[in-house]
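What follows is each chain in one-letter form.
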Amino acid sequence: LYILIVCKYFNALFCFFRAAHDFITSEEKLAKISRELGIYDLLMADNFPYNNSLMSSSLRAIVGAILFDGNKAEAEYFIQDFVLTQLINVDINELWYFKEPLKILTAILEKNNRGIPEPRILRSSGEFTVTPVYVVGIYSDKKLIGESAGESVLIATEMAARDCLKNLWGSNEKSVKFKFGEQGRQLNLHDFYEMPNQLLNSQLNFEIELSDDLYKEPLTPQQLTIKYKREIEKAIGTPYRRRLWHFFYPGTRHKTSPKRFIAPKAKTI
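About the criteria used
- Residues numbered from 1 in each chain as written.
- Predicted model: local features only at pLDDT ≥ 70, side-chain atom pairs only at ≥ 80, totals over all residues.
- Heavy atoms only, no water.
- Pairing = 2+ DSSP bridges.
- Helix = DSSP H or I, 4+ residues; strand = E, 2+ residues; numbered from the N terminus.
- Axes fitted to C-alpha atoms, helices over the stretch in contact; angles between N-to-C directions.
- Core = buried A, V, L, I, M, F, W, Y, C linked by side-chain atoms within 4.5 Å.
- Buried < 20%, exposed > 50% of the residue type's maximum accessible area, 1.4 Å probe, protein only.
- Domains from an automatic or database assignment.
- Parallel < 35°, antiparallel > 145°, perpendicular 65-115°, else oblique.
- Left-handed = near helix turned anticlockwise from the far one by under 90°.
- Contact = heavy atoms within 4.5 Å.
- Phe/Tyr/Trp six-rings, centres within 6.5 Å; stacked < 30°, edge-to-face > 60°.

Colleague: Tell me about the sheet that holds strand β2 (residues 133-140), residues and numbers included.
Modeller: With antiparallel pairing, the three strands of this open sheet are ordered in space as β1-β2-β3. Pairing within the sheet leaves two strands with one partner each, and these edge strands are β1 (118-125) and β3 (143-150). Looking at each pair of strands side by side, their axes are set apart by 25 degrees on average, direction ignored. Relative to β3, β2 runs antiparallel, the two being bridged by seven bridges. Across the sheet, I138 pairs through a bridge with G146, a residue of β3.

Here it is as structure tokens:
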């Protein structure tokens, strides 16, 4: 699987190949492919219902069996038809997220003896409303190399820097075109095995800080409650407003039992 991903389907950095490899070879993704192929109904194991680990291992075993049978081409076609096709309609740039794109863009342009990037606001709308929109373009040597929109100038500048990097690396939607089926079978993958991989860290003088916080799913109310009970409440304690709840109770005291609170009735309000 890794060899087929490293092959240069498009002209981009090795980081994108590694991110795509981790995406399609994850346990959840392989288990999903295995279920779609009907392997779930063919398994005979003790730990029913079958988990993702068993399903992904079963798919790997099938590929290994095809390869062990001596038919390497069929194993490659199987991977190309059922595994690599999971990259269809997937933005390759969202699989590898990094911080400070403007800093990376500046370093790359300086290394290529080009002018430093200059962000400029191209147009804006609704600056004094709750939903403002700013379109920022980045120029280098008086040429527009990328632009993007955002709800603030900082966000628009960051997204514009990412757009510039997409154009430089050739990882935009127009450049990334995977070939499958008959076109994929006509690719001579062996010509790419000896090609050196382009590492971004080797091109820059600093380490790239990676983060996937942008693409994490937000917590549900149930997950927030569990996180509060297990982590926040243990560290902070019970809020002061909860300890004083009886002072703000909307009911009235019972005449015979001063310690008990009774909610007010409609006729007494």
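Anyway, onward from the coordinates.
Colleague: Go over the nonpolar core, please, and point to the residues and values.
Modeller: Counting residues in each nonpolar core, the largest one holds 35 residues, and the members touching the most others are W96, F98, I104, L105, I138, L165 and W169. Elements that contribute at least two residues to this core include exactly α2 (14-24), α3 (27-36), α5 (52-68), α6 (72-82), α7 (101-111) and α8 (153-169). Looking at which domains feed residues into this core, each of domain 1 (1-88 + 180-222) and domain 2 (92-177) gives three or more.

Colleague: Summarise the packing of α7 against α8; cite the residues concerned and give the values.
Modeller: Orientation of α7 relative to α8, taken along the N-to-C sense of each, is 40 degrees, at an axis distance of 8 Å. Classified by the interaxial angle, the pair formed by α7 and α8 is oblique. Considering only the axes of α7 and α8, their crossing is left-handed. Counted together, P101, L102, I104, L105, I108 and L109 of α7 and T157, E158, A161, R162, C164, L165, L168 and W169 of α8 form the full contact between these two elements.

Colleague: So what about the packing of aromatic side chains? Which residues, and what values?
Modeller: Scanning all chains against the criterion turns up four aromatic pairs. An angle of 50 degrees between the planes, with centres 4.9 Å apart, marks the rings of F78 and F82 as tilted. Note that F78 and F82 are positioned in helix α6 at a spacing of four residues, about one turn of the helix. What links up through ring pairs into an aromatic cluster is the set Y40, F48 and Y50.

Colleague: Quick rundown of the environment of K142? Include the residues and the values.
Modeller: For K142, the location among the structural elements is in the loop between β2 and β3. Its relative accessible area of 82% is what places K142 among the exposed residues. With 27 residues separating them in the primary sequence, K142 and G115 have C-alpha atoms 8.5 Å apart.

None of this, on its own, says anything about what the molecule does.
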